[in-house]
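# Residue-level structure breakdown
Each chain, letter by letter, is given below.
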2 protein chains.
Amino acid sequence: MISILPVRLASLVTVGIIASAAWAQQTDPLPSWNDGPAKARILAFVKSATEQGGRDYVPPAERLAVFDNDGTLWSEQPMYFQLAFALDRVKVLAPKHPEWKTKQPFKAALEGDMQTLAASGEHGLVELVMATHAGNTADEFAQIVRDWLKTARHPKFNRPYTELTFAPMRELLDYLRTNGFKVYIVSGGGVEFLRVFAEEIYGVPPEQVIGSSIKTKYEVRDGKPAIVRLPELDFIDDKAGKPVGIHKFIGRRPIAAFGNSDGDFQMLEWTTWGPGARLGLIVHHDDAAREFAYDRKSPFGRLDRGLDEAGKRGWVVVSMKNDWKSVYAPAR
Amino acid sequence: MISILPVRLASLVTVGIIASAAWAQQTDPLPSWNDGPAKARILAFVKSATEQGGRDYVPPAERLAVFDNDGTLWSEQPMYFQLAFALDRVKVLAPKHPEWKTKQPFKAALEGDMQTLAASGEHGLVELVMATHAGNTADEFAQIVRDWLKTARHPKFNRPYTELTFAPMRELLDYLRTNGFKVYIVSGGGVEFLRVFAEEIYGVPPEQVIGSSIKTKYEVRDGKPAIVRLPELDFIDDKAGKPVGIHKFIGRRPIAAFGNSDGDFQMLEWTTWGPGARLGLIVHHDDAAREFAYDRKSPFGRLDRGLDEAGKRGWVVVSMKNDWKSVYAPAR
């Protein structure tokens, strides 16, 4: 009798799951999306990947979806939020670094001189990140980010940065997970920055966040083991680095990729190349009224080649203005 | 009525899961383990981490367990299985490299001169790995490993390497997963070597395998995107590299670690330091009759400091001879 019990209960479990799934399909899983070709493509893709016995059925273990973060899951204007964090850190750390008053790019950062800062290029930005993101333990750094997020406000919307996530994209994350997808963030941003809040605001656990990183070392300090952050680049998870990061961390090819800039081009290409159910999607920022409008000329989130080639590659281009009923969730 | 249905079914699901768990506890989850202190410690740890309302309860998302591979999940004598693969690859590739006939460490590899090979040290081994593991695409490399595993046989047991996994450890993997743990492999071995077979023989998907790696680049070859393997070290996932690898890939601290050599020392230290439910376990190879007996002096899987400090650090030392009813599953 006892040995039969789990089998019978397992049947009830199965029936329960199937009935719930059937019920879920009757409600709109993407209520913040206007009906139109973008939404239709998403729904069709999920249906084809999950339909038992269908030609394009994908087993759950291979239902992997990758999302860029800046500009795809939350805003990235007037500058990447992590850059705002770095600039605030320069101000906090400045008293310990009197030389920064005359040394670039720190001088520009302290003076809010964005033009000089931008002119310092990638080399300048890397220097800035090293000076503000390294030299502490992983636990200490996470706490610094946590504290910053509590008080920092976006200059245009005057809201905490963590409230500036896109409601339609959060619905999409949930919709994919409900359909057995494992969702990853694959960002050019710093992995240890992202992991502080990814679980709370996106439901994505730390082990499903891939990003740029600096090197770390393991050290026992006063009998207490710690991960210490070093001022040395480890990995840049952007452009051709994104498929490399995906291969490094996941070890197999996703079937869906979501981005918004040319930094996501290779990730979209790598994901959508090949047969079977595939989805590539680009969020196009064309909504100056509710968010920002930018593409080919923007220093942050430049979208140029992606816009040219989306059509012939079969990638969905989402118009924030036309395809989304709302952009952010209402202020809490 | 429809809106109530999922709630009622959800209750049935919950009841089913709880009833199944209660039933599972009545059977022995570790039948290949003899009753004794090692098995008792494992059972007590899992109970304390999973007991709802208990002092040491750990939520499922934080139930992370990390396993070394060589010597912990499968054998590693008379040499690491991946080294046997590399030596076989040297033979296959030799016709294209006439210079290897006179150049070390390749000459030693071709002549089976293990003493000279060992004397070439880490530098020699790295050279060997670069020459045999790089220069192809990730897909090509995986196929080479797959083909090798089909025909290669262990010199002592004359069985495929993939059959030389430890039955008691595979039970332990299942037992932890049944109790809501997420199980990772954290190995000094090559991550792309391990990922070829980890899912099939351990049930561990590629994204839960952490290992040493060489650099790769993304390339579109003849219109087809590929990950190309470069002859350059990326990361050594051994000793102090193991906590670094865990932090890099998982981003939070596991609560259980399983190893067998001093290469696992820092992983055990990092995992077991701190309060709450923690388990550190070392597999001690003391079974010359059924497997191999080695520890402090072995070139592969040396266990010295771990043996000295396990007691004071509260780590379980498993005697393969006394704690395990069987070592391998019977030959198929």
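Structure first, text after, so check above.
Reference entry: report on the structure contained in this document. Since the model is a prediction, treat every value here as computed from it, not as a measurement.

## Notes on the packing of helix α2 (residues 37-50) of chain A against helix α8 (residues 167-178) of chain A
Residue and element names in this part refer to chain A. Packing of α2 against α8 leaves a shortest axis separation of 11 Å and a crossing angle of 15 degrees. Judged by the angle between their axes, α2 and α8 are roughly parallel. Crossing hand, α2 versus α8: right-handed. In this structure, α2 contributes Ile42, Leu43 and Val46 to the contact, and α8 contributes Leu172, Tyr175 and Leu176. Taken together, the residues that form the contact of α2 with α8 break down as six nonpolar, no polar and no charged.

## Details of the packing of aromatic side chains
Centre distance and the angle of the planes are the two values used to describe a pair of aromatic rings. Enumeration over the complete set of coordinates arrives at 41 aromatic pairs over all chains. Summarising the aromatic geometry, the rings of Phe85 of chain B and Phe141 of chain B are spaced 6.0 Å apart at their centres and angled 85 degrees between planes, so their arrangement reads as edge-to-face. Of this pair, Phe85 of chain B sits in helix α3 (residues 81-93) while Phe141 of chain B sits in helix α7 (residues 138-151), and the two are 56 residues apart along the sequence. Of the two residues, Phe85 of chain B and Phe141 of chain B, neither departs from the other in class, the shared state being buried. Between Phe157 of chain B and Phe292 of chain B the ring centres are 6.0 Å apart and the planes differ by 80 degrees, which places this aromatic pair in the edge-to-face class. Taken together, the positions of Phe157 of chain B in the loop between α7 and α8 (167-178) and Phe292 of chain B in the loop between β6 (279-284) and α13 (305-313) put the pair 135 residues apart, joining distant regions of the chain. A cation sits over an aromatic face here: Arg253 of chain A above Trp270 of chain A, 3.8 Å from the ring centre. The cationic tip of Lys156 of chain B hangs over the ring face of Phe292 of chain B; the distance from NZ or CZ to the ring centre is 4.4 Å.

## Things to note about the sheet that holds strand β3 (residues 209-221) of chain A
Residue and element names in this part refer to chain A. Across the sheet, which stays open at both edges, the seven strands sit in the order β4-β3-β2-β1-β5-β6-β7 with mixed pairing between neighbours. A strand with exactly one partner marks an edge of an open sheet, and here the two such strands are β4 (224-235) and β7 (316-319). Each strand axis lies, on average, 30 degrees off the axis of its neighbour in the sheet, ignoring direction.

Rules used throughout
Residues numbered from 1 in each chain as written. Chains lettered and ligands numbered in written order. Predicted model: local features only at pLDDT ≥ 70, side-chain atom pairs only at ≥ 80, totals over all residues. Heavy atoms only, no water. Axes fitted to C-alpha atoms, helices over the stretch in contact; angles between N-to-C directions. Helix = DSSP H or I, 4+ residues; strand = E, 2+ residues; numbered from the N terminus. Parallel < 35°, antiparallel > 145°, perpendicular 65-115°, else oblique. Left-handed = near helix turned anticlockwise from the far one by under 90°. Contact = heavy atoms within 4.5 Å. Nonpolar A, V, L, I, M, F, W, Y, C, P; charged D, E, K, R; others polar. Phe/Tyr/Trp six-rings, centres within 6.5 Å; stacked < 30°, edge-to-face > 60°. Buried < 20%, exposed > 50% of the residue type's maximum accessible area, 1.4 Å probe, protein only. Lys NZ or Arg CZ within 6 Å of the ring centre and 35° of its normal. Pairing = 2+ DSSP bridges.

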